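Descriptive structure summary
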Amino acid sequence: MAQDPKYDLPTYTPVARGLHWWIALLVFIQLPLGFYMAYRGNEMPGVNEKGEPVKGVWDALTDTLYSSHKVIGLTILLFVILRLLYRLTRGAPRSDPTVPPALTGISHFVHWALYALLIAVPVIGYKAISYGNYLDVFGVHLPAISEKNENLAKEVFEWHETGAILIIVFASIHIAAAVYHRFIRRDRVVERMIPKRVV
Ligand code: HEM
Ligand code: HEM
């Protein structure tokens, strides 16, 4: 490994790393789950009670997928709030000094954009289910935060989808950057999140 042993770099604390990897794992599950369940509920060819062809299948599986998506989405929101509180009170380890300042600046921008999106997308999702009154989660009725309004529900679901696509864009830049640091630049940035004994 071509890492320079001459420079020391503190890693993120186990709490920060634990929250990072839980959030990353849940986001990796949540995105395909969201796209598949929306396809299943709105587009997939199905039949109604009279046997006529309709768009969208609303069976026990679709229901379970929607409930799971809401639970996972709210869990992501909770973990991101905890992570942000921890980050704002405890800070982050100093940046790798070998990385040019412009690159460090871009990486900070991407991190904060991800934090903002990981708060905004689940909040917007909740607002949308509140407008649509789709508040059931495994038989439990979540509290409404707005009056019912089908048109607004549709519009806010569009924002939810756009936000989710932006998460994919920023997370892809973020993961490409991790690959660049680890395998091309061969610095110690990735070790901050995955300590050396594991990599
Ligand atoms: C970071 C968290 C979240 C991510 C990344 C995410 C992602 C997605 C994605 C990719 C879709 C499919 C978009 C489409 O094809 O129309 C979707 C749909 C949906 N999301 Fe989320 N979501 C999150 C949180 C939430 C939360 C917290 C709720 C509600 C409590 C929620 C409720 C919904 C619903 C009901 C749909 C289906 C919309 C439809 O049927 O048209 N999501 N989400
Ligand atoms: C294979 C997947 C991933 C890898 C290898 C990875 C790696 C890293 C590394 C090395 C850092 C520290 C960077 C530095 O200190 O300059 C970091 C920070 C961060 N990552 Fe990831 N990450 C991954 C997935 C994700 C995902 C899916 C998200 C969210 C959607 C995410 C959000 C963040 C955020 C917000 C930070 C900033 C932490 C802070 O300083 O507060 N990561 N990640």
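All figures in this text were calculated on a predicted structure; none of them were measured in a lab. Position labels on residues start from 1 in each chain and follow its written sequence. Note on labels: chains are lettered from A, ligands numbered from 1, in written order. In view of the model being predicted, local features appear only for residues whose pLDDT reaches at least 70, and side-chain atom pairs are presented and counted only at 80 or more, with totals across whole chains, interfaces and linings using the full set of residues. Side-chain descriptors were evaluated using all non-hydrogen atoms of the structure, hydrogens and water having been removed beforehand.

Let us now look at a nonpolar patch on the surface. Patch membership is restricted to residues that have no salt bridge and whose relative accessible area is over 30%. Joining uses 9 Å for like charges and 5 Å for the nonpolar side chains Val, Leu, Ile, Met, Phe, Trp and Tyr. Each accessible area is a Shrake-Rupley estimate made with a 1.4 Å probe; only the visible protein chains count as cover when residues are assessed. Every case where a carboxyl oxygen of Asp or Glu lies within 4 Å of a side-chain nitrogen of Lys or Arg is listed as a salt bridge. A cluster of nonpolar residues, Phe28, Leu103, Ile106, Ile175, Val179, Tyr180, Phe183 and Ile184, forms a patch on the protein surface that exposes about 780 Å² of accessible area. Among the elements of the structure, helix H3 (101–132) and helix H4 (150–185) are those that each provide at least two residues to the nonpolar patch. Ranked by the residues each element gives to the nonpolar patch, the list is headed by H4, at five residues. One can find Val179 in helix H4. Note on conventions: DSSP H or I runs of at least 4 residues are helices, E runs of at least 2 residues are strands, and numbering of each starts at the N terminus.

Only a single heavy atom is needed: when it lies within 4 Å of a molecule or strand, its residue is near that molecule or strand. In the region of ligand 2, 17 residues are neighbours, and Tyr12, His20, Arg87, Tyr115 and His174 sit closest. Under this definition, polar contacts are N or O atom pairs within 3.5 Å; protein pairs additionally need one hydrogen-donor-capable and one acceptor-capable atom, and for neighbouring residues in sequence, both atoms have to be side-chain atoms. The side chain of Arg87 places a nitrogen or oxygen atom 2.6 Å from an oxygen atom of ligand 2. Here a nitrogen atom of ligand 2 and a side-chain polar atom of His174 are 2.8 Å apart. Elements supplying a minimum of two residues to the shell around ligand 2: helix H1 (14–42), helix H2 (60–90), H3 and H4. The greatest single-element share of the shell around ligand 2, amounting to four residues, is contributed by H3.

Ideal donor angles around a metal are set by the shape: a four-donor tetrahedron calls for 109.5 degrees, a six-donor octahedron for 90 or 180 degrees. Surrounding the iron atom of ligand 2 are the protein donor atoms His20 (NE2) and His174 (NE2), at 2.0 Å. Each metal's donors are the N, O and S atoms found within 2.8 Å of it, except that Na, K and Ca use a 3.2 Å limit; water is left out, so coordination can look incomplete. Irregular is the default label, applied whenever a site is not tetrahedral (four donors, all angles between 85 and 135 degrees) and neither square planar nor octahedral (four or six donors, opposite donors over 155 degrees apart, all other angles between 65 and 115). One can describe the donor arrangement at the iron atom of ligand 2 as octahedral, given that its six donor atoms subtend angles of 88 to 179° at the metal. You can see His20 sitting in helix H1 and its partner His174 sitting in helix H4, a full 154 residues away along the chain.

Now for the coordination of the iron atom of ligand 1. The protein atoms that coordinate the iron atom of ligand 1 are His69 (NE2) and His160 (NE2), at distances of 2.0 Å. Around the iron atom of ligand 1 sit six donor atoms; with metal-centred angles ranging over 87 to 179°, the donor geometry is octahedral. Within this pair, whereas His69 is found in helix H2, its partner His160 is found in helix H4, the two being separated by 91 residues in sequence. For the pair formed by His69 and His160, the shared burial category is buried. Exposure is judged per residue with a 1.4 Å probe applied to protein chains only, and the accessible area is read against the type maximum: over 50% gives exposed, under 20% gives buried, and values in between give partly exposed.

Let us now look at the environment of Phe79. Following the sequence through the fold, Phe79 ends up in helix H2. Distance in space between the C-alpha atoms of Phe79 and Leu118 is 9.7 Å, their sequence separation being 39 residues. Between two residues, a contact is recorded if the distance between any of their heavy atoms is within 4.5 Å. Sequence-distant contacts of Phe79, that is, excluding residues within four places in its chain, are made with Leu19, Trp22, Ile23 and Leu26.

Inspection of every chain in the model, using the stated rule, returns five salt bridges. Across the pair Arg185 and Asp187 runs a salt bridge whose closest N-O atoms are separated by 2.8 Å. According to the relative accessible area criterion, Arg185 is partly exposed, its value standing at 26%. Among the ionic pairs, Glu191 bridges to Arg188, the shortest N-O distance being 2.9 Å. For Arg188, a relative accessible area of 15% corresponds to the buried category.

What follows deals with the UniProt feature "transmembrane region" (unreviewed entry) in the chain. UniProt positions are given in the numbering used here, feature names are shortened, and annotations may be inferred rather than shown by experiment. Those places that UniProt annotates as "transmembrane region" (unreviewed entry) correspond, in this numbering, to residues 21–39, 71–88, 109–129 and 164–183. Regarding residues 21–39, the helix share stands at 100% and the strand share at 0%, and the terminal C-alpha atoms are separated by 28 Å. Each end of residues 109–129 is marked by a C-alpha atom, and these two atoms are 30 Å apart; helix forms 100% of the span and strand 0%.

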